[in-house]
Amino acid sequence: MAGMIVIYKQPADAQAFDTHYFETHISLARKIPGLRKYEVSRGPITVLAGPSDVYLIGTLHFDDLDAMNKGFASPEGKAAGADRRLYAPDESGVQIFIFDSMEI
């Protein structure tokens, strides 16, 4: 499996973020070819030391990195990427991690 974790910091307008993310972005992202599963965090996100500035975490799963690359190169993948820049335009408020994984 391959994964993408997208970590969003606290947005200036949480209601506008949620509206766009849940009503528009998720439906666009779910159309990405090769996407196997899409998970979103619920509730407060903490670290061992206590509260954090993280607002939401999205995790996308693909069969492998090649499938992920092909998916994001597709028109649907490009549309989802462009949409992310609408509701979270400040790059400093988003961290994206891409990785291959193995079950142990």
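None of the values given here were measured: they were computed from a predicted structure.

Student: Could you clarify how one ought to interpret the nonpolar core in this entry?
Tutor: Soluble globular proteins tend to pack their nonpolar side chains together in the buried interior. Judged by nonpolar contacts, the single largest core of 21 residues is most densely connected at Tyr 8, Phe 17, Tyr 21, Tyr 38 and Phe 62. When residues of this core are traced back to their parent elements, those giving at least two are strand 1 (2–9), helix 1 (14–29), strand 2 (35–40), strand 5 (54–62), helix 2 (65–73) and helix 3 (75–87). Leaving out residues up to four positions away in the same chain, Phe 17 has contacts with Tyr 8, Pro 11, Tyr 55, Leu 56 and Tyr 87.

Student: Help me understand the environment of Ala 16 in this model?
Tutor: One can find Ala 16 in helix 1. Sequence spacing of Ala 16 and Leu 28 is 12 residues, and the spatial spacing of their C-alpha atoms is 17 Å.

Student: Please clarify how the pattern of salt bridges should be interpreted in this entry.
Tutor: Where charged atoms of side chains with opposite charge meet at close range, the side chains can pair. Tallying each qualifying case throughout the model produces five salt bridges. A salt bridge links Lys 37 to Glu 39; the shortest N-O distance between them is 3.5 Å. Taking the relative accessible area as the measure of exposure, Lys 37 reaches 43% and is therefore partly exposed. According to the relative accessible area criterion, Glu 39 is partly exposed, its value standing at 34%. Of the charged contacts, one joins Glu 91 and Arg 84 as a salt bridge, the two residues approaching to 3.0 Å between their closest N and O atoms. Classification of Glu 91 by relative accessible area gives partly exposed; the value is 46%.

Rules behind the numbers
Residues numbered from 1 in each chain as written. Predicted model: local features only at pLDDT ≥ 70, side-chain atom pairs only at ≥ 80, totals over all residues. Heavy atoms only, no water. Core = buried A, V, L, I, M, F, W, Y, C linked by side-chain atoms within 4.5 Å. Buried < 20%, exposed > 50% of the residue type's maximum accessible area, 1.4 Å probe, protein only. Helix = DSSP H or I, 4+ residues; strand = E, 2+ residues; numbered from the N terminus. Contact = heavy atoms within 4.5 Å. Salt bridge = Lys/Arg side-chain N within 4 Å of Asp/Glu carboxyl O.

All quantities given are derived from atomic positions and should not be read as evidence of function.
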